[in-house]
Amino acid sequence: VLRRATIREGDPVMKEHTFRRIVTGRSADGGAEVLADEQLRLDDHGIRRIWGADAPPSLVSDGAIAELPGWFPPLGGCRVTLFSVPPDTSGPGERRPDGPAPWGHEDVHASDTVDVIYLTSGTAWIQHPDGSEVRLDAGDVIVQHGTMHAWANHSDEWATGIAFVVGARPEV
């Protein structure tokens, strides 16, 4: 039985699938200037990269979102992503009602990254391969060090979060 997802009225990102992104930088005189001020739209999976780099970033920027080849950053690179986790409608893990997640899998995954994730609204669960789950509520932060995991949402409302992901050295 499929459950209908309800969008929280208090969460404008989920209601409109858009958000405002502002980028500032140093001006020629050493002050500050706005480099970008734009409305961005979440993709069909409820995900949108906000910023990223494949190497340590520079303070010189044009404010554009770089077109980067990989979903996860290489060593020293980073990604900042706004994401959503829809309510479960067909089972555990990332079997999303809108199809597989854009990184190409549906279940447990890991990457050579340290992920700092802040849940801005709703409730989501991190599922581990042993079947254990960690519940995250709006305002919670989780730091994952290359942890095998999947996302789930056992509630009736969408969850939204921001992930800051840094490429890390794998254990050798």
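Preceding this paragraph is the structure being described.
Per-chain numbering applies: the sequence of each chain, read as written, is numbered from 1 onward. Whole-chain, interface and lining totals are the exception, using all residues; otherwise, since this is a predicted model, local features are given only for residues with pLDDT of at least 70 and side-chain atom pairs are given and counted only at 80 or more. Processing note: side-chain calculations cover all non-hydrogen atoms of the structure and skip hydrogens and water entirely.

Caption draft 1: Molecular detail of the pattern of salt bridges. Here, a salt bridge means any side-chain nitrogen of Lys or Arg that lies within 4 Å of a carboxyl oxygen of Asp or Glu. Taken as a whole, this structure holds 4 salt bridges when the rule is applied. Of the charged contacts, one joins R21 and E38 as a salt bridge, the two residues approaching to 2.9 Å between their closest N and O atoms. Linking R21 in strand β1 (residues 18-26) with E38 in strand β2 (residues 32-41), this pair joins segments that are 17 residues apart in sequence. Type-normalised accessible area, obtained with a 1.4 Å probe on protein chains alone, sets the label of each residue: buried when under 20%, exposed when over 50%, and partly exposed for intermediate values. What makes R21 buried here is its relative accessible area of 3%. Residue D137 is joined to R135 by a salt bridge in which the shortest nitrogen-to-oxygen separation is 2.9 Å. For D137, a relative accessible area of 28% corresponds to the partly exposed category. Helix numbers and strand numbers start at the N terminus; a helix is a DSSP run of H or I with at least 4 residues, a strand a run of E with at least 2.

Caption draft 2: Layout of the sheet that holds strand β3 (residues 48-53). Spatial strand order, β3-β4-β10-β5-β8: 5 strands in an open sheet with antiparallel pairing. The open sheet has two edge strands, β3 and β8 (141-145), and neither has a second partner. Mean inter-strand twist for the sheet, computed between neighbouring axes without regard to direction, equals 20°. By this definition, two strands are paired if DSSP reports at least two bridges between them. The pairing of strand β4 (residues 78-85) with strand β10 (residues 159-167) spans 8 bridges and is classified as antiparallel. Considered in β10, the bridge of S84 is made with T160. All axes are obtained by fitting lines to C-alpha atoms, using only the stretch in contact for helices, and the reported angles, taken between N-to-C directions, cover 0 to 180 degrees.

Caption draft 3: Spatial organisation of the sheet that holds strand β9 (residues 150-152). Spatially, β7-β6-β9 is the arrangement adopted by the 3 strands of the open sheet, whose pairing is antiparallel. Only two strands of the sheet have a single partner each, and these edge strands are β7 (133-137) and β9. Strand after strand, the sheet turns through a mean of 30° between neighbouring axes, direction not considered. Two elements, strand β6 (residues 123-127) and β9, share 3 bridges in a ladder whose sense is antiparallel. Paired with Q127 across the two strands is A150, which belongs to β9.

Caption draft 4: Quick look at the side chain of T113. Checked against the element boundaries, T113 lands in strand β5 (residues 113-121). Within the local environment of T113, its side chain forms a polar contact with the side chain of D115, the two groups lying 2.6 Å apart. The contact criterion used is simple: two residues touch if any of their non-hydrogen atoms lie within 4.5 Å. Once you skip the residues sitting within four places of it in the chain, T113 turns out to touch F72, P73, Q144, H145, G146, V165, V166, G167 and A168. Between N or O atoms, a polar contact is any pair within 3.5 Å; within protein, one atom must be a potential hydrogen donor and the other a potential acceptor, and residues adjacent in sequence are included only when both atoms are from side chains.

Caption draft 5: Just the nonpolar core, in detail. Note on terminology: a nonpolar core comprises buried Ala, Val, Leu, Ile, Met, Phe, Trp, Tyr and Cys residues joined through side-chain atoms within 4.5 Å. Membership of the largest hydrophobic core comes to 13 residues, with the highest contact counts inside it found for F83, V85, I117, A124, L136 and W151. The set of elements that each furnish at least two residues to this core consists of β4, β5, β6 and β10. Tallying contributions element by element places β10 first for this core, with 3 residues. Aside from chain neighbours lying at most four places away, what touches L136 is L119, G122, T123, A124, I126, I142 and W151.

Caption draft 6: Local environment of the layout of surface pockets. A volume near 260 Å³ is recorded for the largest pocket. Throughout, the protein atoms alone are placed on a 1 Å grid, and a set of points is a cavity if a 1.4 Å probe fits but cannot get out or a pocket if it is open with protein on both sides within 12 Å along at least five of seven lines; lining residues have an atom within 4 Å of a point. Lining of the largest pocket is provided by 16 residues; of these, W51, P57, S58, V60 and S61 occupy positions nearest its centre. Elements represented by at least two residues in the lining of the largest pocket include exactly β1 and β3. At 4 residues, β1 tops the list of elements feeding residues into the lining of the largest pocket. Residues are grouped as follows: Ala, Val, Leu, Ile, Met, Phe, Trp, Tyr, Cys and Pro are nonpolar; Asp, Glu, Lys and Arg are charged; every other residue, Gly included, is polar. Grouping the amino acids of the lining of the largest pocket by side-chain chemistry returns 9 nonpolar, 5 polar and 2 charged. Grid points are joined across faces, edges and corners, and a volume is the space filled by probe spheres set on the points.

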